[in-house]
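# Chains, contacts and geometry: an overview
Residues per chain are reported as follows:
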Amino acid sequence: EAGVVQSPRYKIIEKKQPVAFWCNPISGHNTLYWYRQNLGQGPELLIRYENEEAVDDSQLPKDRFSAERLKGVDSTLKIQPAELGDSAVYLCASSFGEDTQYFGPGTRLTVL
Amino acid sequence: QQQVKQSPQSLIVQKGGIPIINCAYENTAFDYFPWYQQFPGKGPALLIAIRPDVSEKKEGRFTISFNKSAKQFSLHIMDSQPGDSATYFCAASWGGNQFYFGTGTSLTVIP
């Protein structure tokens, strides 16, 4: 069974540029999470989806971050414009309901 | 505010040793306490998890000890191997809602 797929794996952009990350969760998983992991830190939740509904986006910086999960499957996280402090690994995870979260490999973003 | 406090930040043990990683929490509503293992360039992977109705859980060489009254839980790795060298994160959640992660422990097992 394929795991959580994320792309791209690495992205280098200049500040003020837009960037987007894509996530394909494990088939059948209705819950999808986006996390940000700074170097040497644990993941921090940005947004959680139940099917296509964002049920927790309290930690998402809405002035520059946006996310969508059309049809309740794939999801895209966007940053526009990116700032230096956005450099981090962006992790996507999925689960079936409240069960175990399965993480993707992440996208390492570097903002210059 | 850090919901879950993890220590130590790093740990070095000899092969066969028993590293112990500790976590503490404040929110008594938490009802699920997983541990994740993360290798460089990979996402975290669930290692073992416990709910507060039990005080200990073992899966292979990994054991979680849970102290509900002290609001602490710890991970023990028996007969540690060089392949166990990774970063370990504890986490806590309630009702499958937001997961709060600790800051991580970098474990190095020396052959």
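On a predicted model such as this, the values are computed, not experimentally measured, just so you know.

Counting secondary structure elements, chain A contains 0 helices and 11 strands. Traced from its N-terminal end to its C-terminal end, chain A shows the element sequence β-β-β-β-β-β-β-β-β-β-β. Compactness check: chain A gives a C-alpha radius of gyration of 13 Å against a globular reference of 13 Å for 112 residues, within 12% of the reference. The principal-axis extents of the C-alpha atoms in chain A amount to approximately 35 × 25 × 25 Å. Residue burial in chain A is summarised as follows: out of 112 residues, 46% are buried. Put simply, 53% of the contacts in chain A that link residues at least 6 apart link residues at least 24 apart. Here chain A displays about 5700 Å² of accessible surface, and carbon together with sulfur accounts for 49% of that area. Treating the 12 positive side-chain charges of chain A as one cloud and the 15 negative ones as another, the clouds have centres 9 Å apart.

Quick look at the environment of Val-55 of chain A now. Residue and element names in this part refer to chain A. Of note, Val-55 is situated in strand β6 (residues 53-56). The class of Val-55 is partly exposed, set by a relative accessible area of 35%. Each C-alpha atom of the pair Val-55 and Arg-108 lies 25 Å from the other, and the pair is 53 residues apart in sequence. Contact partners of Val-55, with chain neighbours within four places excluded, come to Arg-48 and Glu-50.

Cut-offs applied
- Residues numbered from 1 in each chain as written.
- Chains lettered and ligands numbered in written order.
- Predicted model: local features only at pLDDT ≥ 70, side-chain atom pairs only at ≥ 80, totals over all residues.
- Heavy atoms only, no water.
- Helix = DSSP H or I, 4+ residues; strand = E, 2+ residues; numbered from the N terminus.
- Rg over C-alpha atoms; globule rule 2.2 N^0.38 Å.
- Buried < 20%, exposed > 50% of the residue type's maximum accessible area, 1.4 Å probe, protein only.
- Contact = heavy atoms within 4.5 Å.
- Areas by Shrake-Rupley, 256 points an atom, 1.4 Å probe, with all protein chains shown as cover.
- Lys, Arg positive; Asp, Glu negative; His and termini not counted.
- Charge placed at Lys NZ, Arg CZ, Asp CG, Glu CD.

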